[in-house]
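Secondary and tertiary structure notes
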Amino acid sequence: MEKVSYSVGGRQIIRDFDLTLEKGVNRTILGVSGVGKTTILKLLLGLLKPDSGAIYLNGRPIAGMRESELSVLRRNIAIVFQWGALFDSMTVGENVGYRLFEEGKLSVAEIKRIVLEKLSFVGLENTIDLYPSELSGGMKKRVAIARAVAADPEYIFFDEPTTGLDPIGIYNIRHLMQMLQNEGKTTLMVTHDLHTAFAVSQKFSFLHDTRLILDGTADDLRNCDDNAIREFFSPTRESLFITDHFVEPIIGLAIPPKE
Amino acid sequence: MKDTFPERRLKIFFLNVQQFFALAARSVVRIFSPPFYYREFAVQFEKIGVDSIFISCLTGLFTGMVMALQALIQLKPFAATSYVGGMVCVTMVKELGPVLASLMVSGRVGSAITAELGTMVVTEQVDAMRVEGTDVIKRLVAPRLKATVIAMPLLVIFTDTVALLGGYIIAAGYDINPLMYYKSLPQFMVFQDLIEGVVKPAVFGFIIAMIGCYVGLSTHGGAEGVGTSAKRAVVLSSVLILVTDFFMTKIFIVFR
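Attention here is on the structure that accompanies the text. (Residues numbered from 1 in each chain as written. Chains lettered and ligands numbered in written order. Predicted model: local features only at pLDDT ≥ 70, side-chain atom pairs only at ≥ 80, totals over all residues. Heavy atoms only, no water.)

Our next topic: the overall build of chain B. When its secondary structure is counted, chain B shows nine helices and zero strands. Listing every helix and strand of chain B by position from the N terminus yields α-α-α-α-α-α-α-α-α. Summarising its shape, the C-alpha atoms of chain B cover approximately 70 × 45 × 35 Å along the three principal directions. Counting the 256 residues in chain B, one finds 49% classified as buried. A separation of at least 24 residues holds for 86% of the contacts in chain B among residues at least 6 apart in sequence. If you sum the accessible surface of chain B, you get close to 12800 Å²; carbon and sulfur atoms cover 73% of it. (Helix = DSSP H or I, 4+ residues; strand = E, 2+ residues; numbered from the N terminus. Buried < 20%, exposed > 50% of the residue type's maximum accessible area, 1.4 Å probe, protein only. Contact = heavy atoms within 4.5 Å. Areas by Shrake-Rupley, 256 points an atom, 1.4 Å probe, with all protein chains shown as cover.)

And the structure:
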């Protein structure tokens, strides 16, 4: 992404945003809620059109591309949406094998084998005939991960993958992301979950007030003196909308220590 | 220079009209190009067509009965009650059958299409489909359009038939025998009226499906947005059905 700006209804979401996703370098985009992190993922996938700036997929500018051309470029990318975005009218198995069924290159038996393999990867092989409405939030996210990896993409985007999950669910998702990285997948995540971010990413982009204010490593984040970043990790009394009574235990939510 | 309020509204209106026709054109093209999503078509045909038979028949039955009742009251002083079948038939086949059945289906199916697609938009399922390489128009719009355009004329044939039966139920109370009723049916009609009776519902089906899909895919704003869209789709398609009916009738009269 080069100098990308995007606005909605006159409200500027991001301005002059730069981002390069290198193969093998897992990245997390950080920032407070509503700052435009998910928008960046959607812009990268060509789901939204920027007001200005250029976006390249595999080195090709996507501006003006038709949906059919974009589909070819998206073949190497998958996304796990914040709430899974599983197709309600399909079973878990049909969801996971969706792209393979759509492509129509493999036999039904082969697709079923891949679906089972991916479901067992996320520990949900027994849910193949269930519908999304019969799954818990954590299970939906794991099925969404299985769907994302079914067509063996090189890049996987995660939109708040641990939001709304219990600690075990968070651990499971974090562990799955690490397993995917070990298999050679490159991940791009947007999240508020600092522990997961530091566990799975080598590079970080920090978005604040429509702009990218830091692009660097975990150490760069730790050593950064920027007020917005310090506030994000250790909120001060001024940035918390709560009474003084509750402030003390919360202030100083420390940045995860270097392992 | 900033747009004034009416300018902005007009721009939004024409933008919507342009986008609607662009979606309609793309959808029509995609109906004829593979993959055809037969299963999706079958599911939609069942939801839109088969599941609407009961409500259409009910509409037809009571409309036919009330038509016959009103006609008999008017015809009785002229000793022309034997024409009641013809009057019910021509009114139902040309106007009331297509319009009433379409309005019922618009309320039942148009809102369902909008709510379903709107929910898919706000829960990012449509985005997920696009990322998975699916042509959303081909997968979501074309099967619904095809199913509605095929189902509507069939539903109207059911509606008209039941309306004629309903008309006879009332006519029988006025000592009109079945043969007399049956023989009066074609008296006020020409063959073109039958064509009008199936072309109109096909066009209305197109309106119902396209408005439902367009409004559904333009949904934003979560659950409230879905509700607003469903309401908008029903109002828009109902008004468009009535307006289109007038112009189609004018066209059919010109070619009569």
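Here P34(B) and P35(B) are connected by a cis peptide whose omega angle stands at -5°. Within the secondary structure layout, P35(B) lies in the loop between helix 1 (5–31) and helix 2 (38–48). Despite not being glycine, D16(A) shows a phi value in the positive range, around 50°. Assignment of secondary structure puts D16(A) in strand 2 (residues 11–17). A residue is classified by how much of its surface remains accessible, and D16(A), at 34% relative accessible area, is partly exposed. In this structure, D152(A) is a non-glycine residue whose phi angle is positive, near 55°.

Tallying each qualifying case throughout the model produces 13 aromatic pairs over all chains. Aromatic pair F87(A) and Y98(A): ring centres 4.7 Å apart, planes at 55°, arrangement tilted. Here the residue F87(A) occupies a position in the loop between strand 7 (77–80) and helix 3 (92–96), and Y98(A) occupies one in helix 4 (residues 98–103), the gap between them amounting to eleven residues. Its relative accessible area of 1% is what places F87(A) among the buried residues. We classify Y98(A) as buried; its relative accessible area is 2%. Ring geometry for F20(B) versus Y214(B): centroids 5.8 Å apart, planes at 85°, classification edge-to-face. Here F20(B) is found in helix 1, whereas its partner Y214(B) is found in helix 8 (residues 191–217), with 194 residues between them in sequence. Overall, Y214(B) belongs to the buried group, its relative accessible area being 9%. A connected cluster of aromatic rings, assembled from ring pairs, spans F198(A), F204(A), F206(A), F232(A) and F233(A). Looking at R147(A), its charged tip hangs above the ring of F87(A), at a distance of 4.6 Å from the centre. Lying across the ring of F41(B), K146(B) places its NZ or CZ 5.2 Å from the centre. (Phe/Tyr/Trp six-rings, centres within 6.5 Å; stacked < 30°, edge-to-face > 60°. Lys NZ or Arg CZ within 6 Å of the ring centre and 35° of its normal.)

What follows deals with the nonpolar core. Counting 74 residues, the largest nonpolar core has M1(A), I14(A), L19(A), I40(A), L44(A), F157(A) and M129(B) as the members making the most contacts within it. Ranked by the residues each element gives to this core, the list is headed by helix 6 (residues 136–172) of chain B, at eleven residues. The contacts of I14(A), once residues within four sequence positions are left out, are V4(A), S5(A), Y6(A), V35(A), G36(A), I40(A), L43(A), L207(A) and T210(A). With 46 residues, the next largest nonpolar core counts V96(A), I145(A), A197(A) and L221(A) among its residues. (Core = buried A, V, L, I, M, F, W, Y, C linked by side-chain atoms within 4.5 Å.)

So, about a nonpolar patch on the surface. Residues and elements named next belong to chain B. A grouping of I150, L154, I157, F191, L194, I195, V198 and V199 is seen on the molecular surface, where their side chains present a nonpolar patch of about 670 Å² in accessible area. Counting residues per element, the ones that place at least two in the nonpolar patch are helix 6 and helix 8. With five residues, helix 8 is the single largest residue contributor to the nonpolar patch. By the secondary structure assignment, F191 is in helix 8. Classification of F191 as exposed rests on a relative accessible area of 61%. (Patch = residues over 30% accessible without salt bridge, like charges linked within 9 Å, V, L, I, M, F, W, Y side chains within 5 Å. Salt bridge = Lys/Arg side-chain N within 4 Å of Asp/Glu carboxyl O.)

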